[in-house]
Amino acid sequence: MILAVLAAALLLLLASGWFAYQNSRLIAGRKTRGAAVRMPPGRYSVLSQVTPSQIGDSGGGSLFSLRLPLESAASVTEGQEYAWITLCRDDTGQGEMVLPDAQRYMLNRIRQLSGQGQPIEYVAFVEVGVSDLEQELILNLEKAVKEAV
């Protein structure tokens, strides 16, 4: 009887040790992939800019810029033939869109330009993406522009 209890206790100790080992491997794997750091859902805005030189001035959150002809741009300076719209990450949380909405908005703009037969110019900032989703968004927008041409 005592032998059976000792065998059961030993079996429970071995099982708990195995589960602890598997748990530590799982946690270590998440840390190396960056999944242990949770980021709050980002907010994004689209800013209208007159010149490409302003793209770098808009801050580190610029993800993708697209050149629009004058009639498509929201606000431009008189005498300009085109303006740039830039998709930016808003770290303050005050942005108008979440990531899927921002992607849909930019893809619609790309489709409009390709439908008008306009040449499409863009600037992509892949290295600025702070998450895999942001980098994937930038690459998807680049792919859409290349397919539209």
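Located above this text is the structure these notes cover.
Okay, so let's go over this structure. (Residues numbered from 1 in each chain as written. Predicted model: local features only at pLDDT ≥ 70, side-chain atom pairs only at ≥ 80, totals over all residues. Heavy atoms only, no water.)

1. Quick look at the nonpolar core
One finds Phe64, Leu66, Leu87, Met106, Ile110, Leu137 and Leu141 to be the most contacted residues of the largest nonpolar core, which totals 22 residues. Put simply, the parts of the chain that give this core at least two residues each are strand E2 (62–69), strand E3 (82–90), helix H3 (99–115) and helix H4 (132–148). For this core, the element with the most residues is H3, which contributes six residues. Discounting chain neighbours no more than four positions away, the residues touching Leu66 are Ala83, Trp84, Ile85, Met106, Arg109, Ile110, Leu113, Ile120, Glu121, Tyr122 and Val145. (Core = buried A, V, L, I, M, F, W, Y, C linked by side-chain atoms within 4.5 Å. Buried < 20%, exposed > 50% of the residue type's maximum accessible area, 1.4 Å probe, protein only. Helix = DSSP H or I, 4+ residues; strand = E, 2+ residues; numbered from the N terminus. Contact = heavy atoms within 4.5 Å.)

2. Comments concerning the packing of aromatic side chains
Given two aromatic rings, one states the distance between the centres and the angle between the planes to describe the pair. Tallying each qualifying case throughout the model produces two aromatic pairs. A ring pair is formed by Trp18 and Phe19, whose centres lie 5.1 Å apart and whose planes are at 65°; its orientation type is edge-to-face. Residue classification places Phe19 among the exposed residues on the basis of a relative accessible area of 54%. Taking the centre distance of 5.5 Å and the plane angle of 15° together, the rings of Phe64 and Tyr122 count as stacked. Of this pair, Phe64 sits in strand E2 while Tyr122 is found in strand E4 (residues 122–124), placing the two residues 58 residues apart along the sequence. For Tyr122, a relative accessible area of 25% puts it in the partly exposed group. (Phe/Tyr/Trp six-rings, centres within 6.5 Å; stacked < 30°, edge-to-face > 60°.)

3. Some words on the pairing of E2
In terms of residue burial, E2 counts as a mostly covered element, since eight of its eight residues are buried. Note: E2 against E3, seven bridges, orientation antiparallel. Each residue of the ladder has a partner; that of Phe64, found in E3, is Leu87. (Pairing = 2+ DSSP bridges.)

4. Quick word on the packing of H3 against H4
Following both chains from N to C, one finds H3 and H4 inclined at 10°, their axes separated by 10 Å at the closest point. Of the possible angle classes, the one that applies to H3 and H4 is roughly parallel. Across the interface between the two elements, Leu99, Gln103, Met106, Leu107, Ile110 and Ser114 of H3 pack against Leu133, Glu134, Leu137, Asn140, Leu141, Ala144, Val145 and Ala148 of H4. The class makeup of the residues in the contact of H3 with H4 is 10 nonpolar, three polar and one charged. (Axes fitted to C-alpha atoms, helices over the stretch in contact; angles between N-to-C directions. Parallel < 35°, antiparallel > 145°, perpendicular 65-115°, else oblique. Nonpolar A, V, L, I, M, F, W, Y, C, P; charged D, E, K, R; others polar.)

5. As for H4
Each α-helix turn comprises 3.6 residues. Residues three or four places apart therefore point the same way. For H4, spanning 17 residues, the distance from its first C-alpha to its last is 24 Å, which sits close to the expected 24 Å at 1.5 Å a residue. Residues of H4 that are buried: Glu134, Leu137, Ile138, Leu141, Glu142, Ala144 and Val145. Taken around the axis of H4, the buried residues stretch over an arc of 160°, which confines them to a single face. Along H4, the residues that are exposed and aim more than 90 degrees away from the buried face are Asp132, Leu133, Lys143, Lys146 and Glu147. Contacts made by the buried residues of H4 are with strand E1 (43–49), E2, E3, H3 and E4. (Expected span 1.5 Å × (residues − 1). Arc of directions from axis to C-beta.)

The quantities given are spatial measurements derived from coordinates; they are silent on function.
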